[in-house]
Amino acid sequence: MTHANALTDPYALALNRARAAPDALFLQEIARDDVHDRLELVNKTFQSPAVVTAFPHIWEGAIADAAVFPETETLPLTTGGHDAVIHSMGLHWANDPVGQLIQCRRALKPDGLLLAVALGGQTLFELRAALAEAEIAVCGGLSPRVAPMGEVRDLGGLLQRAGLALPVADTVPLRVQYASMWHLMRDLRAMGEANALTSRLRRPTRRAVFERAADIYARAYPADSGDGIIATYELILLTGWAPDDSQQKPLRPGSAQARLADALHTDETSLPD
């Protein structure tokens, strides 16, 4: 059932993902490869990792001994059962992203690692701008068409709200060239990333809106080569650890044993009152 105040319609999202084409999931593959590379840099061997994903076949064989779980509102993870949890490309559709991260934290053993990947706020800013301008011009108003996505600082703050230690958030920007806005929209449907907002327009959009938007997009965001358009995707990667006494702790303010000015070989200057 879809709640009236829910951002995402889970039924529409499930339909979109069920229609996704396996050969169009390049964002999912990039996220998987980036997570794999980051795990390789961690000086720790994971014995019981878990992956939360809507596209399990993408993760087959990607991480040794990983258990793969569906991305649902209530995650079927065992409390304290994993030393690593990967949440792959679902937080931007979650009606309760903090709740998703809290469930992942509860599934971690002490000093267990959480790695979450989601689309960030710069994703498809060109498409949002073109559609908004066109719809206002043709229809005199706006309807929700692209899911709002969090900025890196906001998503990083969710890690602390979820009770994770040593939080880190960073971005991987991607610029993808398409022949036209029509090709971009077709690709989004093939990825399973079409509009699944609860407040989306429930009747067909006038073709004049899309035609005008395609023209605006082509003029405002052309590819560097001049042939086609550019679309921006932003992957945000969130890293946090389940709290454990073995982890590094920040020093108490005022406990420093040396002056920064001495380390920099400079004189300390007092600020005026």
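For the structure, see preceding data.
Scope of this entry: the structure provided in the associated data block. (Residues numbered from 1 in each chain as written. Predicted model: local features only at pLDDT ≥ 70, side-chain atom pairs only at ≥ 80, totals over all residues. Heavy atoms only, no water.)

**Observations regarding the sheet that holds strand S3 (residues 82–88)**
- Pairing is mixed in the open sheet, where six strands are placed in the order S2-S1-S3-S4-S6-S5. The open sheet is flanked by strand S2 (67–70) and strand S5 (165–178), the only strands paired with a single partner. Taking the axes of each pair of neighbouring strands and ignoring which way they run, one obtains an average angle of 15 degrees across the sheet.
- In the packing of helix H6 (residues 181–191) onto the sheet, contacts are made with S5 and strand S6 (229–241), and the angle to S6 comes to roughly 35 degrees. (Pairing = 2+ DSSP bridges. Helix = DSSP H or I, 4+ residues; strand = E, 2+ residues; numbered from the N terminus. Axes fitted to C-alpha atoms, helices over the stretch in contact; angles between N-to-C directions. Contact = heavy atoms within 4.5 Å.)

**Quick word on the side chain of Glu 126**
- Among the structural elements, Glu 126 can be located in helix H4 (residues 125–139).
- In this structure Glu 126 is buried but unpaired, with Arg 175 as the nearest side chain of opposite charge at 6.0 Å.
- Within the structure, the side chain of Glu 126 is placed 2.5 Å from the side chain of Thr 232, a separation counted as a polar contact.
- Ignoring any residue separated from it by four or fewer positions in sequence, one finds Glu 126 in contact with Tyr 217, Tyr 221, Ile 230, Ala 231 and Thr 232. (Buried < 20%, exposed > 50% of the residue type's maximum accessible area, 1.4 Å probe, protein only. Lys, Arg positive; Asp, Glu negative; His and termini not counted. Salt bridge = Lys/Arg side-chain N within 4 Å of Asp/Glu carboxyl O. Polar contact = N/O pair within 3.5 Å; in protein donor to acceptor, adjacent residues only side chain to side chain.)

**Quick word on the pattern of salt bridges**
- Scanning the model with the defined rule gives ten salt bridges in all.
- Here Asp 34 makes a salt bridge to Arg 38, at a shortest N to O gap of 2.5 Å. Linking Asp 34 with Arg 38, this pair stays in helix H2 (residues 26–41), spanning four residues, or about one helical turn.
- Judged by its relative accessible area of 23%, Arg 38 is partly exposed.
- When the shortest N-O distance is used, the salt bridge between Arg 207 and Glu 211 registers 3.1 Å. Here Glu 211 and Arg 207 lie together in helix H7 (residues 207–220), a separation of four residues that amounts to about one turn.
- Ionic contacts of the salt-bridge type, sharing partners, join the residues Asp 34, Arg 38 and Asp 170 into one network.

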